[in-house]
Amino acid sequence: MRSGATEVTRRLLGDPKYATHAELLFPAAAVNAKIGSAFFDFLSEPQPLLGIQSPEQIIKFISDLAGETADNVLARFKPPGQFARGQSVERAVASS
């Protein structure tokens with residue numbers, strides 16, 4: 001039997017069946033501190049997430065926790081156009 005934290009991690013990162021969970025929770029957690037905190041808490045207390053099976057339940061979870069619609073929360077997420085090295089990394093690479 002898997003631990004709850006292992007099950008949550010498997011669902012969010014490795015199981016295509018739960019891709020929607022990750023697609024909705026990661027951006028919501030990035031823009032809302034309450035959701036970010038709850039998302040982090042799932043690793044030590046995974047029971048709330050283990051009961052969420054459908055995209056509709058994820059959307060309801062986000063809305064209930066944020067106190068606004070999931071659409072409003074997710075609309076604030078702006079993915080980076082591209083990833084770039086920070087200046088401190090570039091200086092370290094140049095000096096080595």
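Colleague: Would you mind showing me how to read the overall build of the protein here?
Modeller: For the protein, the helix and strand inventory stands at seven helices and zero strands. For the protein, the α and β elements follow one another from N to C terminus as α-α-α-α-α-α-α. With 96 residues in all, the protein has 30% of them scored as buried. Carbon and sulfur atoms make up 58% of the accessible area of the protein, which totals about 6500 Å².

Colleague: Explanation requested: the pattern of salt bridges in the structure shown.
Modeller: It is possible for side chains bearing opposite charge to pair when their charged atoms get close. Under the defined criterion, the tally for this structure stands at two salt bridges. Of the charged contacts in the structure, one is a salt bridge between aspartate 64 and lysine 60, with a shortest N-O distance of 2.5 Å. Linking aspartate 64 with lysine 60, this pair stays in helix α5 (residues 55–66), spanning four residues, or about one helical turn. Each member of the pair, aspartate 64 together with lysine 60, is exposed. The salt bridge partner of arginine 76 is glutamate 68, with a shortest N-O separation of 3.1 Å.

Colleague: Before we go on, may I ask you to explain the packing of helix α2 (residues 19–31) against α5 in this structure?
Modeller: How two helices sit against one another is set out by the angle between their axes and by the gap between those axes. Axis separation between α2 and α5 bottoms out at 9 Å; the angle between their running directions is 15 degrees. Overall, the two elements α2 and α5 adopt an arrangement that is roughly parallel. Helix-helix and strand crossings are classified by hand; for α2 and α5 the assignment is right-handed. Taken together, the residues of α5 that come into contact with α2 (itself represented by Thr20, His21, Leu24, Leu25 and Ala28) are Pro55, Ile58, Ile59, Phe61 and Ile62. Here the residues of the contact of α2 with α5 are counted per class, giving eight nonpolar, two polar and no charged.

Colleague: Which parts of the structure should I look at to understand the packing of α2 against helix α3 (residues 33–41)?
Modeller: Running from N to C, α2 and α3 cross one another at 125 degrees; their axes reach a closest spacing of 6 Å. Taken together, the axes of α2 and α3 lie oblique to each other. In terms of crossing hand, the pair formed by α2 and α3 is left-handed. Where α2 abuts α3, its residues Leu25, Phe26, Ala28, Ala29 and Val31 lie against Ala33, Ile35, Gly36 and Phe39. Classifying every residue of the contact of α2 with α3 gives eight nonpolar, one polar and no charged.

About the cut-offs
- Residues numbered from 1 in each chain as written.
- Predicted model: local features only at pLDDT ≥ 70, side-chain atom pairs only at ≥ 80, totals over all residues.
- Heavy atoms only, no water.
- Helix = DSSP H or I, 4+ residues; strand = E, 2+ residues; numbered from the N terminus.
- Buried < 20%, exposed > 50% of the residue type's maximum accessible area, 1.4 Å probe, protein only.
- Areas by Shrake-Rupley, 256 points an atom, 1.4 Å probe, with all protein chains shown as cover.
- Salt bridge = Lys/Arg side-chain N within 4 Å of Asp/Glu carboxyl O.
- Axes fitted to C-alpha atoms, helices over the stretch in contact; angles between N-to-C directions.
- Parallel < 35°, antiparallel > 145°, perpendicular 65-115°, else oblique.
- Left-handed = near helix turned anticlockwise from the far one by under 90°.
- Contact = heavy atoms within 4.5 Å.
- Nonpolar A, V, L, I, M, F, W, Y, C, P; charged D, E, K, R; others polar.

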